[in-house]
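What the coordinates show
Letter by letter, the chains look like this.
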Amino acid sequence: MKVLFCGDIVGRSGRESVTRNIPRLRQELGLDFVVVNGENAAAGFGITAKICAELHGAGVDCITTGNHVWDQRDIIPYIAQDKRLLRPINFPPGTPGWGASQYETARGQKVVVVNVMCRLFMDPLDDPFRTVDAEIAKYTLGRSAHFILIDVHGEATSEKQSMGHHLDGRVSAVLGTHSHIPTADSWVLPGGTAYQTDVGMCGDYDSVIGMKKEGAVLRFIKKVPGDRLAPAEGEGTMCAALVETDDKSGLAKAVRPIRIGGRLPPAG
Ligand code: FE2
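All of these numbers come straight from a predicted model, not from anything done at the bench.

Another point: the sheet that holds strand E5 (residues 110–117). Taken together, the 6 strands give an open sheet; going across it, the order is E4-E5-E6-E7-E9-E8, and neighbouring strands pair in mixed fashion. Either end of the sheet is taken by a strand with one partner, and the two such strands are strand E4 (100–104) and strand E8 (187–188). Alignment of strand E6 (residues 147–153) against strand E7 (residues 173–177), held across 5 bridges, turns out to be parallel. Bridge assignment links Val-152 to a residue of E7, and that residue is Gly-176. Docked against the sheet, helix H4 (residues 128–136) engages E4, E5 and E6, running at close to 165 degrees with respect to E5. Helix H5 (residues 157–167) contacts E5, E6, E7 and strand E9 (194–196) of the sheet and is inclined by roughly 170 degrees relative to E7.

Positionally, Ile-47 belongs in the loop between strand E2 (33–37) and helix H2 (49–57). Residues Ile-47 and Ile-75 lie 28 residues apart in sequence; the distance between their C-alpha atoms is 7.0 Å. Once residues lying within four places of it in the same chain are set aside, the contact partners of Ile-47 are Gly-38, Glu-39, Ala-41, Ala-42, Cys-52, Leu-55, Ile-63, Gln-72, Ile-75 and Leu-85.

Quick look at the coordination of the iron ion now. Here the iron ion is held by the protein donor atoms Glu-39 (OE), Asn-67 (OD1), His-153 (NE2) and His-178 (ND1), which lie 2.0 to 2.3 Å from it. Geometry at the iron ion is irregular, judged from its 4 donor atoms and the angles of 85 to 166 degrees they form at the metal. Of note, the iron ion draws all its donor residues from one chain, in the sequence arrangement E-x27-N-x85-H-x24-H. Of this pair, Asn-67 sits in the loop between strand E3 (62–64) and helix H3 (75–79) while His-153 sits in strand E6; the two residues are 86 residues apart in sequence, bridging distant segments of the chain. With a relative accessible area of 26%, Asn-67 lands in the partly exposed category. For His-153, a relative accessible area of 0% translates into the label buried.

With that out of the way, let us pick up the packing of aromatic side chains. The final tally for this structure, using the stated rule, is 2 aromatic pairs. Ring centres 5.6 Å apart and planes at 40 degrees place the aromatic pair Phe-33 and Tyr-103 in the tilted group. You can see Phe-33 sitting in strand E2 and its partner Tyr-103 sitting in strand E4, a full 70 residues away along the chain. For Phe-33, a relative accessible area of 2% corresponds to the buried category. For the ring pair Trp-70 and Phe-91, a centre distance of 6.4 Å and an interplane angle of 45 degrees mean the geometry is tilted. With Trp-70 in the loop between E3 and H3 and Phe-91 in the loop between H3 and E4, this residue pair connects regions lying 21 residues apart in the sequence. On the basis of relative accessibility, which here comes to 23%, the residue Trp-70 falls in the partly exposed class. Overall, the relative accessible area of 10% leaves Phe-91 in the buried class. In this structure, Arg-228 packs its charged tip against the face of Phe-45, placed 4.4 Å from the ring centre.

Parameters at a glance
Residues numbered from 1 in each chain as written. Predicted model: local features only at pLDDT ≥ 70, side-chain atom pairs only at ≥ 80, totals over all residues. Heavy atoms only, no water. Pairing = 2+ DSSP bridges. Helix = DSSP H or I, 4+ residues; strand = E, 2+ residues; numbered from the N terminus. Contact = heavy atoms within 4.5 Å. Axes fitted to C-alpha atoms, helices over the stretch in contact; angles between N-to-C directions. Donors = N, O, S within 2.8 Å, 3.2 Å for Na, K, Ca; no water. Tetrahedral: all angles 85-135°; square planar, octahedral: opposite > 155°, others 65-115°. Buried < 20%, exposed > 50% of the residue type's maximum accessible area, 1.4 Å probe, protein only. Phe/Tyr/Trp six-rings, centres within 6.5 Å; stacked < 30°, edge-to-face > 60°. Lys NZ or Arg CZ within 6 Å of the ring centre and 35° of its normal.

Worth remembering: the numbers are spatial, not functional.
What follows is the structure, encoded as structure tokens:
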């Protein structure tokens, strides 16, 4: 199977980089399933039902999120009725929406996506390791699930790398989000799980993690708060990881970074 996972979409630049490229890539690469992290898609803060529809219309099958999931309050009633939009699975019991779900591709393959959030330098949540263990125990890779993708949304590289090793051989891919900067460590771990600490954002890189650089830099230099941060509006780079798995085992044969458009050098 071929699955594409795009990192955090930031604002209009990020949305356009995804909606422009996904329809073409679905054809050219023969993608079976496309997942994006959309938690910064609405002007850098949260996501709306309209943006979900726009992304689905472009060929996105599942949207993951993270700590910014509730920034647009209207998404709270929406998420409870759309399993294609996930929030972190280790939010408290009773939180609206789902942290994981199973989907079926056009070819009938079963894909499980789990959205989990780390704890180092982030909100104190339920143990991400134990929560993911409990979720993936419901499936047998290569049988009841042909592809299991974990979006590990976290700040600390150490925690995300630990999640990769912890799940190695039990899921198809562990791919990181949240830092908005792509890391150069996309590889297949010894047990057969595709891994990248952070796939990077989809957005304008002439910025500070997707937001206009002038105000963002000033925040570090002056103690007085400036204007509310707003997304940078230059051409976005679509940053993603392309994972190819063995249909029988569900384990990864290859993973490679994809970077298209905008300021970063192209890859893939
Ligand atoms: Fe985040």
